[in-house]
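# Reading the structure
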Amino acid sequence: MPCVFETTSIVVNGETLLLDTAGALYWPSREALILADLHFEKGSSFARRGIMLPPYDTHATLNRIVRLFKTYGPKRIIALGDSFHDGEGPARLDGHARDQLAALAKAAEWFWIEGNHDPEIPLWLGGYAAAEIAVGNLVFRHEPAIGAEAGEIAGHLHPCASVSRHGRTLRRRCFVADGYRVVMPSFGAFTGGLNVRDAAFQRLFPQDWLAYALGGRRVYAVSGSVQALRRKKNEEAQPSSVAINTVKMP
Amino acid sequence: MLVAPTGGGKTLAGFMPSLIELAAMGAAKRPAALHTLYISPLKALAVDVARNLEQPAAEMALPIRIETRTGDTPPSRRQRQKYHPPDILLTTPEQLSLLLSAPDASRFFGSVRAVVLDELHALYNSKRGDLLALALSRLEAIAPGHRRIGLSATVNDPAPLRRFLVPQQPGENAMADLVLGQGGARPEISVLASDAYVPWAGHLARHSMADVMAAIGESKTALVFVNTRAQAERTFQELWRINDDHLPIALHHGSLVQEQRRKVEAAMARGVLRAVVCTSTLDLGIDWGAVDRVICIGAPKGAARLVQRIGRANHRLDEPSRALLVPANRFEVLECEAARDAVLAGELDGERLRPGGLDVLTQHILGVACSAPFDADALYAEIITASPYAALSRKDFDDVVNFVATGGYALARYDRYARLRKTSDGLWRIAHPRVARQYRLNAGVIVEDPMLDIRLLGKGKPVGAGGRMLGRVEEYFLEGLTPGDTFVFSGDVLRFEGIRDNAAFVSRTNDPEAQIPSYNGGKFPLSTFLAGRVREMLAHPEKWGLLPDPVGEWLRIQQWRSVLPGPNDLLVETFPRSTKFYLVCYPFEGRLAHQTLGMLLTRRLERLRLRPMGFVANEYALAVWALRDMAGTDMNRLFDEDMLGDDLDAWLAESALYKRTFRNCAIIAGLIERRAPGQEKTGRQVTFSSDLIYDVLREHEPDHLLLRATYADAAAGLLDVARLSDMLKRVKGNIVRRHLDRVSPLAVPALLEISKEMVAGEAGEDILRETEESLVRDAMRV
């Protein structure tokens, strides 16, 4: 029996974006795959301090990126900063990881946004490095700015949503979006999370926002302001409101 | 090994040889040196025993210095103890390990002549016992030939304790001498039972509260034991609701803030309380002379536990302890009767011995290295003298050393960051002083679930504005609440306001219909021994006469409509109900083993295309429901023990309980830090990343030491796989099946618990979907 996955799309500042269950955004009109907080070499970063986390996080993260690459065939990949857990991370990549990254950088234009963990991306990785970039109606930066312009796509906060049903509590990474901006979940294999109920999110999303938790088959809007959904129902044409459009994809 | 019931004066007996030796040595010009170590599972007990010891020593004018060392000992006293050791030091297994990891451990412990191990039955078969056994093996190397005296409450089989006490040699079965104390007066145990009404399900015994209150009224001081913190809160509330005489009744459980607990204990010691509602936090501990009755609400779970609890009343050997058992439902009536019979017959549950944990060994070896460089061959020889590790293979030992050194990953990826290095003299030593600091911060084998403080907000104050601390509750419970939800805690109904940093903020509310707190704590499975006695009772109708009328009637109708299984049989019933088909079986092996069984059965039924939709387990039974009739299934095939293969592994890998087990092992083994130096890591960061580490490790190195340690842990404890395996063997060829036209009386309690459990894997997806749907419903409501 074929497994049917459903892809959820949202509209942000007039641009339609797909929310992938792996925690990535895909921007069809620009053929861009967007990833936040990869934290490559987090394991070895801890090992330097005597905490011997498994050394496989970079491979695990890269394998997931390769899978997304095969699904979407993007022309560009935008990594929203903190791509490495620390400044020496690139130097610690092993041969296999270097080869995989080089192949990806060859197959698509790679944009490295600088983050607080990795302010300087070495040139030999390939692609372009920048503090932030603007494309069309969207702006890509690492840390979401309070009162930012519409169209900001950022990471940094590692949002997570908790839900409770039938006496069980689940905690999942999530996207947070309000039609004007998106905070993306962290993509890296060992990255922790910050609950969307934290004050940091309230400052960024004063009203009408939704959290889309990553499920096995699709993302689910599990938390947020009900007005956001209600507005969507009443003003179908309003591009700035949050929309849940579900399309089936084989 | 001295085994005797409570009240026999064990503790003083344990110290007597030391007191005689020290008295003979005299006071004059004796250099300060440690003579006797006393180890207790509870620091409060160590402090209390010190006090009880000082008194006779002072009366006999013995020139003996007696001191305690616990987590609460101030740094100045610790320092002084190092340079001017007392004659007798009373401490805990954790503190002993820490002291042994210090560079001067050989000097400090070199003079030790005797070790007294108190309440050994509560330690020996646990991770704390592993830690203690390893510490003793170290101590034997430092102070060879010292005397060990073990003290224990009555146990079913003292042999493992006797082995624990003495160094093991390959091929031998060394045991300490055994001294059995005489039994005390037979306890008076009654089971509260109503001929009018016995509930079908539930654990709160609400219908019996008036009788419990009356029993408290007839006692000087009563201990009211319950099995979970949630039950403690509920029982406390129910009692106060009908406490017309305003008897001083207090509450005591592990989530309450420490000073609150100390206050209750102090009031108890002064004899001003008439009753304390408590959980297993008061199973062990200091003597309260005034307690003259123990009331156990709910299932006793095991005969040994019941004996322990009953022993808390009346610490005199020659007077009977009085206990009242209060079953909360029909199955618990059977369990209470079985437990009473067992205790009166002097029979106790046996414990399944678990092998020493590899995670604990990891911590020990790091501690040894922090103390001094070690030779691997010598250390291996030393470790296998500890009885839990007597069967440890050299390969496992080497793997553990490698894990401590570099994380033990294939391809030696972290060689350059090694914590331990083998130097040219062939000895292993720590690579950096920082390693010793990390060891000290992460030492210990007790791992709590991530907890948040509960803080009471002042009137009109916003969340985060500070407030009095009421206690601590598991984070996963609090994270599932939305502001406005109410729950019972510390005897009050509280309204949840929000979470900031490491605290959940609450306010008081008068809402009488609080959500029951479902936070964890104190859930013991029904013991195998007691389960056997319950099955025995079911199989013998002539014994039912003692049971309350509704229970007897229930069993008789069951016998008529279906059947009651023999003591070694497994009854499997199938029947339709509304639009679904049910399969209910009665293994009596405890909720954890049943949950594992339920998971495995639903996988099988799925493959048989019977479309199972979910299952629910309680202590006695397991119910599975499906869209197709399961009556035609070959039950011998379905319950074949080969189910404990790939399906089990596949399920374990995804189970939340299993991931929690991994987290515990990872913390004990030091893979995940308990605290970052200088600041306590918040629990939520730890939980989240441990799941991810687990996923990555399982994918890339499934045979890693920590995954092996996790499996061993889960198989023995959390998931009761070993027990399940025994049960499947036992019922082979003994499956009694009944196809019924409707639900049987015995099945009712299990069906009443349906609602929570679902086929795992799918459950997560359903929870997300339902949450979205309810959000959408809210949004669309006009």
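Just so you know, these numbers come straight off a predicted model, no measurement behind them. (Residues numbered from 1 in each chain as written. Chains lettered and ligands numbered in written order. Predicted model: local features only at pLDDT ≥ 70, side-chain atom pairs only at ≥ 80, totals over all residues.)

### Some thoughts on the environment of B:Thr73
Residue and element names in this part refer to chain B. We count it as follows: Here a helix means four or more residues in a row that DSSP labels H or I, a strand means two or more in a row labelled E, and each is numbered from the N terminus. Contact criterion: two residues are in contact if their C-beta atoms, reconstructed from the backbone, are within 7 Å.
Within the secondary structure, Thr73 is located in the loop between β3 (66-69) and α3 (75-83). Separated by 655 residues in the primary sequence, Thr73 and Leu728 place their C-alpha atoms 50 Å from one another. Once residues lying within four places of it in the same chain are set aside, the contact partners of Thr73 are Thr68 and Arg78.

### Concerning the sheet that holds strand β22 (residues 580-585) of chain B
Residues and elements named next belong to chain B. Counted only if it meets this: For two strands to be treated as a pair, DSSP must find at least two bridges joining them. All axes are obtained by fitting lines to C-alpha atoms, using only the stretch in contact for helices, and the reported angles, taken between N-to-C directions, cover 0 to 180 degrees.
Read from one edge to the other, the open sheet built from five strands follows the order β23-β24-β22-β21-β25, with strand pairing classed as mixed. Sheet topology places β23 (612-617) and β25 (735-739) at the edges, where each strand pairs with a single neighbour. Taking the axes of each pair of neighbouring strands and ignoring which way they run, one obtains an average angle of 15° across the sheet. Direction of pairing for strand β21 (residues 570-577) relative to β25: parallel, over a ladder of five bridges. Each bridged residue has a counterpart across the sheet, and for Glu573 the counterpart in β25 is Arg738. Each of β23 and β24 (622-626) is contacted by helix α20 (residues 591-607), which is oriented at about 165° to β23, the strand it contacts most.

### Quick notes on the sheet that holds strand β9 (residues 221-225) of chain B
All names here are of chain B. Ordered by their spatial adjacency, six strands build an open sheet running β8-β13-β12-β9-β11-β10, and the pairing between neighbours is parallel. In this open sheet, the two strands that pair with only one neighbour each are β8 (188-191) and β10 (249-252). Averaged over all adjacent pairs, the angle separating strand axes in this sheet is 20°, with direction ignored. Of the pairings in the sheet, the one linking β8 to strand β13 (residues 322-326) comprises four bridges and is parallel in character. Counterpart to Glu188 in the pairing with β13 is Arg322. Sheet contacts for helix α10 (residues 258-270): β10 and β11 (275-278); angle to β10, the most-contacted strand, approximately 135°.

### Overview of the nonpolar core
Under the convention used in this document: Put simply, a nonpolar core is a cluster of buried Ala, Val, Leu, Ile, Met, Phe, Trp, Tyr and Cys residues tied together by C-beta atoms within 7 Å. Put simply, a residue is buried when 20 or more other C-beta atoms lie within 10 Å of its own C-beta and exposed when 12 or fewer do; between those, it is partly exposed, and each C-beta is set from the backbone.
Core analysis: the biggest nonpolar cluster contains 212 residues, and B:Leu223, B:Val224, B:Val276, B:Val277, B:Ile295 and B:Ala623 have the highest contact counts within it. Contact partners of B:Val276, with chain neighbours within four places excluded, come to B:Leu223, B:Val224, B:Ala250, B:His252, B:Val264 and B:Met268. Among the nonpolar cores identified, the runner-up in size contains 58 residues, and A:Ile10, A:Tyr26, A:Ala161 and A:Ala211 belong to it.

### Details of the packing of helix α13 (residues 358-371) of chain B against helix α15 (residues 394-406) of chain B
Residues and elements named next belong to chain B. Threshold: An angle counts as roughly parallel when it lies under 35 degrees, as roughly antiparallel when it exceeds 145, as roughly perpendicular when it falls between 65 and 115, and as oblique in every other case. Put simply, a crossing is left-handed when the front helix is turned counterclockwise from the back one by less than a right angle, and right-handed when it is turned clockwise. Note on residue classes: Ala, Val, Leu, Ile, Met, Phe, Trp, Tyr, Cys and Pro are nonpolar, Asp, Glu, Lys and Arg are charged, and everything else, Gly too, is polar.
At their nearest, the axes of α13 and α15 sit 9 Å apart, and the two run at 60° to each other. As summarised for this structure, α13 and α15 are arranged oblique, according to the angle between their axes. Read as a crossing pair, α13 and α15 show a hand that is right-handed. Here α13 contributes Leu358, Leu361, Thr362, Ile365 and Leu366 to the contact with α15, which in turn contributes Asp396, Val400, Val401, Phe403 and Val404. Its residues assigned to classes, the contact of α13 with α15 shows eight nonpolar, one polar and one charged.

### Structural notes on helix α6 (residues 127-142) of chain B
Defined as follows: To estimate how far a helix should extend, the number of its residues minus one is multiplied by 1.5 Å.
Over its 16 residues, α6(B) extends 23 Å from the first C-alpha to the last, a length consistent with the 22 Å expected when each residue adds 1.5 Å. Most of α6(B) is tucked away: 13 of the 16 residues are buried.

### Side note on the confidence of the model for chain A
As a reminder, the rule being used: On a scale of 0 to 100, pLDDT captures the predictor's confidence in every residue.
For chain A, per-residue confidence averages 85 on the pLDDT scale, and residues scoring 70 or more make up 86% of the total. Confidence over residues 235-250 of chain A falls short of pLDDT 50; this stretch has 33 contacts with residues more than four positions distant or in other chains.

### Quick notes on unusual backbone geometry
Of note in the backbone geometry, A:His156 takes a positive phi value of approximately 75° without being a glycine. Structurally, A:His156 is set in the loop between β10 (152-154) and β11 (159-165).

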